[in-house]
Amino acid sequence: MGGGQSPFFPKGRQVEPEALKEVGALLGESPRRRDLLIEHLHLIQDHYGHLSARHLAALAAEMGLAQTEVYEVATFYAHFDVVREDETPPPPLTVRVCDSLTCEMMGAKDLLAGLQEKLGDKIRILPAPCMGRCETAPVAEAGHYHINAADMDKVTAAVENGQTHPDNPAYTNFDAYVADGGYALLKDCHEAKRQPDELIEILGASGLRGLGGAGFPTGQKWKIVRGYKGPRLMAVNADEGEPGTFKDRVYLETDPHRFLEGMLIAAWAVEAEEIYIYLRDEYPGLRDVLLVEIAKVEAAGLAEGTAIHLRRGAGAYICGEESAMIESIEGKRGLPRHRPPYVAEVGLFGRPTLVQNVETVYWIRDLVDRGPDWFSSEGRNGRQGRDPEELFEYGRTGVQADTDVDQHRRHDEHEGERGPRGRAVTALHELGERRDAAPEVDGHENEGEQQDREGCHPLEVPHGHANSEPALREADQVNRRDVRGEKSGSYDGPLQVAVCEEIGLSGLLLDLADRP
């Protein structure tokens, strides 16, 4: 070294004092725990419209994490815009156009192209996965404002008027819910007028199963989780991302306290000390509603020592899988875990965890109040339980309570009717969650085998249209892995149906009427 000291050059990206000050101000008094990493990334993204490299480095320093840990999480989720030093930040406003199957059928591709041509030099225009509003397709989102039945005029007006915040529909609030007998059952639980074993028995008799895809018996799941040594936790999966699925959104938008009461009863039954609700980021308005209404529940003393945390997804389809969701709640990338151990034994933060879908706990109050026979008598074809039929065809939209809809029966009922564009209905396409009951291993749901089936939804091409199978192969873009022309049988649970009309739609559906 020639007898002299070599100068010290720090390695890696250095933390800028000004960036550290900015991030610290955004985080305020919030804890710097690892499980809050995604929440903190949202704060920066919402404030600045992107995640700059300097802010990521500052956040890592604030939280005591390696920069690589923060970077790998930020780049995993689609709703985070990571901008390096040599890159240009995105425009202040982004408009997303849903390109899932239903929106595709209703003209989303043309809308996307038109918006890029008209507004692309002013704002960012992007395609986006299913937004959970299939009944009003096509759907666009300006900032966090969803535009139903979107067209060029509606989207342009929202952009020009700065309409970028969510618009929430009217719903049954806390006072109205309590006036109608709400939370009486929860109070009975807290006052020992009801016992966990009693409710588990009622759930078993009713046939209530997990309504997020796997169909595992709810009462049995409660019993399994209760059997493991505490402390225990609960996680609620509100990350419905399957194309064509919007039932949980409708339940939460209309009657959020029916869900919250069922959730708190489930937590009481398994003695869960904390509840984590994982809500998909595509439902920003619902987040506002739940924050307000959860605060009212806590203020009324109904949480009874159970902490409720509302966590925000960030645009990752895989986080609908329960162990990936748990990883995300812990502030990590949403990567599914190997099993065993199952999450009932080693779940959130390594604790026994009860994982339930929104709809599953939504039914608990009515099921107990009305009795298990009320619920179990609703099934078809020997199956038990109420399920929604998510309809966005024939001009009828919304969620109807129905169950176990056979595709052949649905086709036979509606063949020849007129679709949204006035053309004859010739085929039905199943969307959303497939409700095969998962096999069990030592009393546990075989989640690994169930995961292999998720997203595998046969397309039915009925009555002599088997040759139209190639026309439907583009459905692979929405995670359809099993496309076949033969009849696909019945599926237990909610059936989401889209209309295949006699028209070619952006190359996705060919004119079935012209095929032999």
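Here's the deal with unusual backbone geometry
Then step 1. Across the junction of Gly230 and Pro231, the peptide omega takes the value 5 degrees, indicating a cis bond.
Then step 2. Within the fold, Pro231 resides in the loop between helix H11 (218-226) and strand E7 (232-238).
Then step 3. At the junction of Pro340 and Pro341, the peptide bond is cis and its omega measures out at 5 degrees in the coordinates.
Then step 4. By the element assignment, Pro341 lies in the loop between helix H15 (322-329) and strand E10 (353-357).
Then step 5. In this model, Ala149 sits at a positive phi of 50 degrees, which is unusual for a non-glycine residue.
Then step 6. Position of Ala149 relative to the elements: it lies in the loop between strand E6 (145-147) and helix H7 (152-160).
Then step 7. When its relative accessible area of 37% is taken as the criterion, Ala149 is described as partly exposed.

With respect to the packing of aromatic side chains
Then step 1. A complete count under the given rule lists 11 aromatic pairs for this structure.
Then step 2. Taking the centre distance of 6.3 Å and the plane angle of 75 degrees together, the rings of Tyr251 and Trp363 count as edge-to-face. Remark: Trp363 occurs in the loop between helix H16 (358-362) and helix H17 (364-370) and Tyr251 occurs in helix H12 (residues 247-254); sequence separation between them is 112 residues. When sorted by exposure, Tyr251 lands in the same class as Trp363, which is buried.
Then step 3. Between Trp374 and Phe375 the ring centres are 6.1 Å apart and the planes differ by 55 degrees, which places this aromatic pair in the tilted class.
Then step 4. Judged by relative accessible area, which is 17%, Trp374 ranks as buried.
Then step 5. Residue classification places Phe375 among the buried positions, given a relative accessible area of 2%.
Then step 6. One aromatic cluster in this structure is built from Tyr251, Tyr362, Trp363, Trp374 and Phe375.
Then step 7. Above the face of the Tyr283 ring, Arg280 is positioned so that its terminal group lies 5.2 Å from the ring centre.

Observations regarding the sheet that holds strand E9 (residues 307-312)
Then step 1. The sheet built from four strands is open, its strands ordered E9-E8-E7-E10 with parallel pairing. Looking along the sheet, the strands with just one partner apiece sit at the ends: E9 and E10. Here the strands of the sheet are splayed against their neighbours by 20 degrees on average, with no regard to which way each runs.
Then step 2. Alignment of E7 against E10, held across five bridges, turns out to be parallel. Looking across to E10, one finds that Ala235 is bridged to Val355.

Analysis parameters
Residues numbered from 1 in each chain as written. Predicted model: local features only at pLDDT ≥ 70, side-chain atom pairs only at ≥ 80, totals over all residues. Heavy atoms only, no water. Helix = DSSP H or I, 4+ residues; strand = E, 2+ residues; numbered from the N terminus. Buried < 20%, exposed > 50% of the residue type's maximum accessible area, 1.4 Å probe, protein only. Phe/Tyr/Trp six-rings, centres within 6.5 Å; stacked < 30°, edge-to-face > 60°. Lys NZ or Arg CZ within 6 Å of the ring centre and 35° of its normal. Pairing = 2+ DSSP bridges. Axes fitted to C-alpha atoms, helices over the stretch in contact; angles between N-to-C directions.

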